[in-house]
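Close look at the chain arrangement
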Amino acid sequence: MFTQSAPEVHDVIVIGSGAAGGMSAWNLAVNHGISVLMLDAGARFRREDFWTHVKPWQWRERVEKGLAPPKIQLDSQEQPYISKEPNKFDLIRVWGRGGKTNIWGRVALRYSDLDFEGPAKDGWEIPWPIRYKDIAPYYDKVEQEIGVCGGDDDTDSLPGSRYHQPPPALRCGERFMKRSAEAMGIKVVNQRKAVNTKPTNGHNPCHYCGACGRGCDVSAFFNSTDYLTDKAEKTGRLKIVDNAVVAHIILGDNGLAKGVRYFDRYSKAERIVYGKRIILGASCVDSTRILLNSKIGNSSGVIGNYLCEQVRFHMMGFVPELMGTKALNDDGLGGEHIYLPRYNARDGRKRDYLRGFGSQFWNTGAQAGVGNWAKQIEGFGLDYKKSIKRRYPALVAMHPYGEVLPYKHNKVSVDGTPKDRYGIPISRIEYSIADNEKKMLDEMYDMAEGVFRGMRAEIVPYQRGAIDPFGSAIHEHGTCRMGDDPKRSALNGFNQMHDVKNVFVVDGSSFTTASEKNPTLTILALAWRATDYLADQMRTGGV
């Protein structure tokens, strides 16, 4: 007689291996001793394959030989989505271990109670169900585990930390911008970045090559693979299935999730794995698509709606005192060494818009990227080259980010969309900004122009009011938001679904609002907090 064995039922299935999924799997496997199956849509990126330290002439030679750096971003030809002009949303996705933490900007900012209490005070949409005191211990834990450098500043909009590693020295241009902003009464602080400036937990310190955007081949900045999932795998309690493109979360007759349906990325073979609890951390848009196609957890009707991120623009110029000076090594950390936190809640002025903005300052100083501005300088021939060389050490740049409010009409949907190569409906993204953001942009431009005027800078021509294409910030939030009211939110304050108690959603889709800040540090902290809660519930039989 033939006896068919029952399929394996995993304690926890984690979907996604980036900041959210990686932290969830690591915490459960390493700190709680729980067995985890992880499904990732790609495979491991090998650090030795990164072109981190390839010089420009070497790069050219390699390309001429038909070589190419590893392809990290997902090609939309492989996995399409719909977004139409004039409001096209540029969606950046990474299918592969570590997700976008392989190439992220590493900006690691804590949210404050200005962010968590903002909706409750101004009345726009629903309030967050948590406050800074709930997440602060997890910020502490994350910073100690992954390493975050930064100063000791502490403000109402950007809480400080006693766990920050030493910050890098400021570049000359950054000192000019800091001085000019502070002359306007606007505080500028050391940037907080998830980059180790001293050896930490077996990871190398940064050697300031400035090429972080190509992937770090010495593992000096946080990525989920090197810092989380590799450690979890070594315990023997984490198993990772590569090239597993998740289509659906499957519900049982009892209303709880019982498994996950996925397709092999290349063979397209369909498979089902079973689990007692599901953690979804596939990044905001992909997680939302999975939930909508699964038709689960949406009695509130909010899943897919309230997509929000930030508006952003760029301003560049040249400091007169630095023109014609010797070009210095301004590589440093990839990106800026300073940050301008939100200030509009403390200066006493009443605004005609809600929420606020901050600013980053990457590409300041003698760095790569001359093509970003050189084509806008007039001239020809030898004189033109001299003009570029004279300005090269003097470059300063600002990149203000402003919060976009959660609007119901900004959404991700799958109804009536074409199907992908696996037969699953693709995402449609609809997005626009409103008067609130346009009014905020006016002040953002006023601020940036004031900083450049204060330096007497020669400003590269720009169009006031222009913004980056939607999605450029790569900070998608809000489409599976947390809240206390199950009629207006999909998750509770521990990232647990109101409707399906054994499903947790831990990426940016869980955020109630976007704020003006980069979200990754908060995603890591919330995922750690959610999986601590899940582990406690497992011990008591609650989930």
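This part takes up the side chain of Ser-427. Relative to the helices and strands, Ser-427 is located in the loop between strand E15 (411-413) and strand E16 (428-430). Classification of Ser-427 as buried rests on a relative accessible area of 4%. Setting aside residues up to four positions removed in sequence, Ser-427 forms contacts with Tyr-81, Ile-82, Val-285, Arg-289, Val-412, Ser-413 and Val-414.

Attention shifts here to the layout of surface pockets. Reported here for the second largest pocket is a volume of approximately 330 Å³. The set of elements that each furnish at least two residues to the lining of the second largest pocket consists of helix H3 (113-116) and helix H4 (118-122). Tallied by class, residues from the lining of the second largest pocket come to four nonpolar, two polar and nine charged.

As enumerated under the stated definition, the model contains 21 aromatic pairs in all. Consider the rings of Phe-222 and Tyr-227, whose centres lie 5.5 Å apart with planes at 70 degrees: the pair is edge-to-face. With respect to class, Phe-222 is no different from Tyr-227; both count as buried. Pairing Tyr-343 with Phe-357 gives two aromatic rings, centres 5.5 Å apart and planes at 85 degrees, and the pair type is edge-to-face. Here Tyr-343 is found in the loop between strand E12 (338-339) and strand E13 (357-360), whereas its partner Phe-357 is found in strand E13, with 14 residues between them in sequence. Exposure class is identical for Tyr-343 and Phe-357. Each is buried. The ring of Phe-318 has Arg-391 lying over it, and the distance from NZ or CZ to the ring centre is 5.8 Å. When the ring centre of Phe-494 is taken as origin, the NZ or CZ atom of Arg-529, which lies over that ring, is 4.2 Å away.

To continue, consider the sheet that holds strand E5 (residues 238-241). Taken together, five strands build an open sheet; the order of strands is E5-E3-E2-E9-E18 and the sheet is parallel. Each edge of the open sheet is held by one strand with a lone partner, namely E5 and strand E18 (503-505). Each neighbouring strand pair of the sheet contributes to a mean axis angle of 20 degrees, computed without reference to strand direction. With four bridges joining them, strand E3 (residues 36-39) and E5 adopt parallel strand pairing. Considered in E5, the bridge of Met-38 is made with Ile-240. Taken strand by strand, helix H1 (residues 19-31) contacts strand E2 (12-15), E3, E5 and strand E9 (278-280), and its axis lies near 165 degrees from that of E3.

Here strand E11 (residues 315-318) shows a buried face lined by Met-315 and Gly-317 and a second buried face lined by Met-316 and Phe-318. Where E11 lies against strand E14 (residues 395-403), four bridges are found, and the strand directions are antiparallel. By the bridge assignment for E14, Phe-318 is matched with Leu-395. Bridge count for E11 against strand E17 (residues 458-459) is two bridges, and the pairing is antiparallel. Counterpart to Gly-317 in the pairing with E17 is Ile-459.

Turning our attention to the sheet that holds strand E7 (residues 257-264). Ordered in space as E1-E8-E7-E6, the four strands form an open sheet in which the pairing is mixed. At either end of the open sheet lies a strand with only one pairing partner, and these are strand E1 (9-10) and strand E6 (244-251). Judged from the seven bridges that link them, E6 and E7 form a sheet pairing that is antiparallel. Bridge pairing in E7 links Val-245 to Phe-263.

Scoring rules and cut-offs
Residues numbered from 1 in each chain as written. Predicted model: local features only at pLDDT ≥ 70, side-chain atom pairs only at ≥ 80, totals over all residues. Heavy atoms only, no water. Helix = DSSP H or I, 4+ residues; strand = E, 2+ residues; numbered from the N terminus. Buried < 20%, exposed > 50% of the residue type's maximum accessible area, 1.4 Å probe, protein only. Contact = heavy atoms within 4.5 Å. 1 Å grid on protein atoms, 1.4 Å probe; cavity = no way out; pocket = protein on both sides within 12 Å on 5 of 7 lines; lining within 4 Å. Points joined across faces, edges and corners; volume = space filled by probe spheres on them. Nonpolar A, V, L, I, M, F, W, Y, C, P; charged D, E, K, R; others polar. Phe/Tyr/Trp six-rings, centres within 6.5 Å; stacked < 30°, edge-to-face > 60°. Lys NZ or Arg CZ within 6 Å of the ring centre and 35° of its normal. Pairing = 2+ DSSP bridges. Axes fitted to C-alpha atoms, helices over the stretch in contact; angles between N-to-C directions.

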